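# Observations on chain architecture
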Amino acid sequence: MRPETERAPARTSPKTVALALVLAWVVPLAAHPLRLDVLLPLLALAGTMAVQRGATGLIDRFVLACAQLFGAACVFGLGLTLWPGHLHPTLVAGVAFTVLVIIAAATGRLERPGKARLDRLLALAVAGVSAVSLIPYAARDLGGRLGLPLAGEDIARHYLLYDVIGRNGGYLFLRPEALRPFVPDEELTGIANYPQGLHFAYAVLFKFISSTTGRTSAAASADVMMWLLVGTFLLLALAVLWAVRRLAGPGTTNARLLPVLLVAAAWLVLGDPVTVLSRGYPNELAGLACCAVLTAIVVRPLHRLGEQTVTVALLLVGISFSYPLFLPFGGLAALWWIWQARLWRFWWGWLTAALVALVSAIGPLTAMTASSGTQLLLNGTARVVDRPATAALAGLAVLAVLVRRGLRAPSHRAALFTVAVAFTLAAGLGLYQTATIGRPVYYFDKLLHLLIVVCLCALGGLVRFLPGLSVAARVAVALPVVAALAVAGGEWHAQPVAPGVKLALGKDRGSPEAARDALLMARMFPDGGGAVNVDLMGSPWRNWSATLGAAALQHQYRYFPAWSGLLYPGSAGKASTMDDLDRLVRESPVPVRFFVHDPEASLLVVDGERPHRPNVKPGQPLPVAFGDPAAPTNIAAARALAAKYPTKVQVVYATPANP
């Protein structure tokens, strides 16, 4: 069924429009001195929900409003980067409210916002997923929350982008020189051209929050980012569950929908999607959420053609500015809808396509500038996706659209197309990586995440399965699937308990000790204190992650790579001697500050070619005394260098929160 074309909007009184435009600026101007800026994004969200015309439900409006605001923020950032006011809350809110008033007046919704119903079963499912997801983070302190993604390394660079964008007021690919003081020259191009739509959105929200709380320290900034990361995962979960509900169709009863939502919710919080949260990939979460919403409205378009077109366009921009790897999926899914809607019949359809293509090209073009020719072959720190579970999910998704002559319905044909596109992209990259390097790695798992999300959306078709069963019988069919997810995980579904269970029970800890060390170092020396700060307080991984985290929090990441090789205890690291440490100090362009605590902590060896270190079984934590017993301990080495270079080396005997 094609979306209906626009009807003539109701006329709005010029006086009403004028008053609304005045209030669009009076409210932000009044909120700032009253320190109520944090309410302004909520008002913008409420206003965007109110102008929706293609959706009737309250959750429908919320999901669409979030998707539209994110895409609009990505575009808005292009102009705001060049605007002298940058990210001031009053300016951002004033412009946003003005645009909303103009849209509301043009569509006739300024005076007749209408009513929206609440889908209670969907709301209950979202509340359950939110509670399960929030508890592991709410139960931890800031060090515990930050320690989860810090073990994966990438979060430090995400924080760096978010922090520097907030400081400079715009995209760094438009002003890369603003990033130069914070990163090594050899990494400037790569980091400056990384997709930054979500970092920009985070930086804007932090401006509103910090203007209200008055807290602008590195710890406060990191805390806000962590909660925004969790919030992004919750929006992904909401988008997927909403898509399941939408694809199930408007006439679906709660009895049929309940077991399907149960399976989808369990997959989100127990299976691979939750690892994207715990490993700290905010951009991927945003890209997956955009893909889930796009899948839903491609399969079942909005009732208004204009609103559908704008939403699809903004979703493509959001994918481009957050995770361009998913843009081929987004583009092909959008082309399916364009063909079905015959959008080429309208002149404005061609204009919209040209503008979207132009803006959406920014993400992949900048990403290509930041990447090498072998980018798709690189390994990373993402958790390997559960292969058998993903295959089973893909089977369920195909069953959902085929059962009971499902392909007779246009929506099921569209759903099958989206699943096929996601599967083809993942399979194609997997075959390419296998042919090139012998095995699938990193970005293959990222595309499997996309396949999982699209398949979860397609599960809405399962409401037509086994129509004669009661509610209890349907739930009984779903429970073994949930149990199978909960009892195991890992690449071949053979590791005890699911990733989400480990996270909830505190078994997946990340590196909280390192995060607390990094926060301690940042509190003691917020701007780095004119030196590179090196953690030698504890075990090897703790020291490496803490030094990385502190470098980002203290805006000293520029000096971290030189020390990474010495501190890194993994297979890529080199066993270092006292001479290596001496050379790093001697060649450092800034003073060096060593943080020490544990007298047994050690990392140095006597012979770098034939290191003598403790034997550690694979999978076991490395001991604090990781160095050669004949080599100096960390404290002894730091003292020796401080004596040799008294004007360049400082030793801090710290007392960390968790020795």
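Structure report, in brief. Because the structure is predicted, anything quoted here is derived from the model rather than measured.

What counts and how
All residue numbers refer to positions counted from 1 along the written sequence of the respective chain. Given that the model is predicted, a residue must reach a pLDDT of at least 70 before its local features are reported, and side-chain atom pairs must reach 80 or more before they are shown or counted; all residues, however, enter totals for whole chains, interfaces and linings. With hydrogens and water excluded, all non-hydrogen atoms of the structure serve as input to the side-chain values. Note that patches include only residues with greater than 30% relative accessible area and no salt bridge, and the join distances are 9 Å for like charges and 5 Å for nonpolar side chains (Val, Leu, Ile, Met, Phe, Trp, Tyr). To be clear on the numbers: accessible area is Shrake-Rupley with a 1.4 Å probe, and residue cover counts the displayed protein chains and nothing else. In the sections that follow, a salt bridge refers to a side-chain nitrogen of Lys or Arg positioned within 4 Å of a carboxyl oxygen of Asp or Glu. Helix and strand labels come from DSSP, where a helix needs a run of H or I of at least four residues and a strand needs a run of E of at least two; each type is numbered from the N terminus. With axes taken as lines fitted to C-alpha atoms, and helix axes fitted only over the stretch in contact, angles between N-to-C directions fall between 0 and 180 degrees. Here the angle decides the label: under 35 degrees means roughly parallel, over 145 means roughly antiparallel, 65 to 115 means roughly perpendicular, and every other value means oblique. Note on contacts: a residue pair is in contact if any heavy atoms of the two residues lie within 4.5 Å. Residue polarity follows a fixed list, in which Ala, Val, Leu, Ile, Met, Phe, Trp, Tyr, Cys and Pro are nonpolar, Asp, Glu, Lys and Arg are charged, and the others, Gly among them, are polar. Buried Ala, Val, Leu, Ile, Met, Phe, Trp, Tyr and Cys residues that are joined via side-chain atoms within 4.5 Å together make up what is termed a nonpolar core. Throughout this description, buried means an accessible area under 20% of the type-specific maximum (1.4 Å probe, protein chains only), exposed means over 50%, and partly exposed covers the range between. A pair of strands counts as paired when DSSP detects no fewer than two bridges linking them. Helices are assigned an expected span. That span is 1.5 Å times one less than the residue count. Directions pointing from the helix axis toward each C-beta atom define the arc. A clockwise course of the path from the first strand over the helix to the second, judged with the strands pointing away from the viewer, identifies a crossover as right-handed. Take the far helix as your reference; a near helix turned counterclockwise from it by less than a right angle gives a left-handed crossing, and one turned clockwise gives a right-handed crossing. The aromatic pairing rule takes the rings of Phe, Tyr and Trp, using the six-membered ring of Trp, and pairs them if the centres are within 6.5 Å, calling planes under 30 degrees apart stacked, those over 60 edge-to-face and the rest tilted.

Further remarks concern a nonpolar patch on the surface. A contiguous nonpolar patch, built from Leu19, Val22, Leu23, Val26, Val27 and Leu43 and spanning about 490 Å² of accessible area, is present on the exposed surface. When residues of the nonpolar patch are assigned to their parent elements, the largest contribution, five residues, is made by helix H1 (residues 14-31). Following the sequence through the fold, Val26 ends up in helix H1.

This part covers the packing of helix H9 (residues 197-213) against helix H13 (residues 282-299). Close contact between H9 and H13 brings their axes to 9 Å; oriented N to C, the two are set at 100 degrees. Judged by the angle between their axes, H9 and H13 are roughly perpendicular. Two secondary-structure elements touch here, H9 through Leu198, His199 and Tyr202 and H13 through Pro282, Asn283 and Ala286. Here the contact of H9 with H13 is composed, by residue class, of four nonpolar, two polar and no charged.

Counting residues in hydrophobic clusters, the biggest one holds 212 residues, and the most contacted among them are Leu179, Leu241, Trp242, Leu450, Leu456, Trp563 and Phe594. No other element matches helix H10 (residues 218-248), which puts 22 residues into this core. Those residues in contact with Phe594 that sit more than four places away from it in its chain are Val534, Leu536, Trp563, Leu581, Val585, Ala638, Leu641, Val649, Gln650, Val651 and Val652.

What follows covers the sheet that holds strand E4 (residues 592-596). Reading across from one edge, E3-E4-E5 is the order of the three strands in this open sheet, with parallel pairing throughout. In this open sheet, the two strands that pair with only one neighbour each are strand E3 (532-535) and strand E5 (649-653). Within this sheet the neighbouring strands show an average axis-to-axis angle of 25 degrees, counted without direction. Direction of pairing for E4 relative to E5: parallel, over a ladder of five bridges.

Moving on to H10. Helix length check: H10 (31 residues) gives 45 Å between terminal C-alpha atoms against 45 Å at 1.5 Å per residue, within 8%. Taking burial as the measure, the 31 residues of H10 include 28 buried ones, the bulk of the element. Within two residues after H10, Gly249 carries a phi angle of roughly 100 degrees, on the positive side.

This part takes up helix H17 (residues 362-370). Residues of H17 that are buried: Gly363, Thr366 and Ala367. Taken down its axis, H17 places every buried residue within 105 degrees of arc, on the same side. Facing away from the buried side of H17 by more than 90 degrees, the exposed set consists of Leu365 and Met368. On the buried face of H17, the contacting elements are helix H14 (305-322) and helix H16 (347-360).

Once that is clear, we can look at the pairing of E4. Of all the five residues making up E4, five are buried; the element is thus mostly covered by neighbouring parts of the structure. Side chains Val592, Phe594 and Val596 of E4 all project onto a buried face; the interleaved residues Arg593 and Phe595 project onto the opposite face, where all are buried too. Bridge analysis of E3 against E4 gives four bridges, and the strand direction is parallel. By the bridge assignment for E4, Asn533 is matched with Arg593. Once the chain exits E4 it traverses helix H27 (residues 634-644) before rejoining the sheet at E5, and the crossover so formed is right-handed.

Another aspect to go through is the packing of helix H3 (residues 58-81) against H10. If you want to describe how two helices pack, look at the angle between their axes and the distance between the axes. Axis separation between H3 and H10 bottoms out at 11 Å; the angle between their running directions is 130 degrees. What the angle tells us is that H3 and H10 run oblique. The handedness of the crossing between H3 and H10 comes out as left-handed. For the pair H3 and H10, contact is made by Ile59, Asp60, Phe62, Val63, Leu64 and Cys66 and by Leu235, Leu238, Trp242 and Arg246, respectively. In terms of residue class, the contact of H3 with H10 is made up of eight nonpolar, no polar and two charged.

In this section: the packing of aromatic side chains. Scanning the model with the defined rule gives 18 aromatic pairs in all. Relative to Phe206, the ring of Tyr162 lies with its centre 6.1 Å away and its plane at 65 degrees, an arrangement referred to as edge-to-face. A residue pair is termed long-range when its members are at least 10 positions apart, and Tyr162 in helix H7 (residues 154-168) and Phe206 in helix H9 qualify at 44 residues. Phe206 shares its class with Tyr162; the two are buried. When the ring of Phe346 is compared with that of Trp348, the centres are 5.0 Å apart and the planes differ by 20 degrees; the resulting orientation is stacked.

Trans is the common state for peptide bonds, and a negative phi is the common state for residues other than glycine. Of note, the phi angle at Arg35 is positive, near 55 degrees, even though the residue is not glycine. By the element assignment, Arg35 lies in the loop between H1 and helix H2 (39-50). Phi is positive for His493, close to 55 degrees, though the residue is something other than glycine. Taking relative accessible area as the criterion, His493 reaches 24% and is therefore assigned partly exposed.

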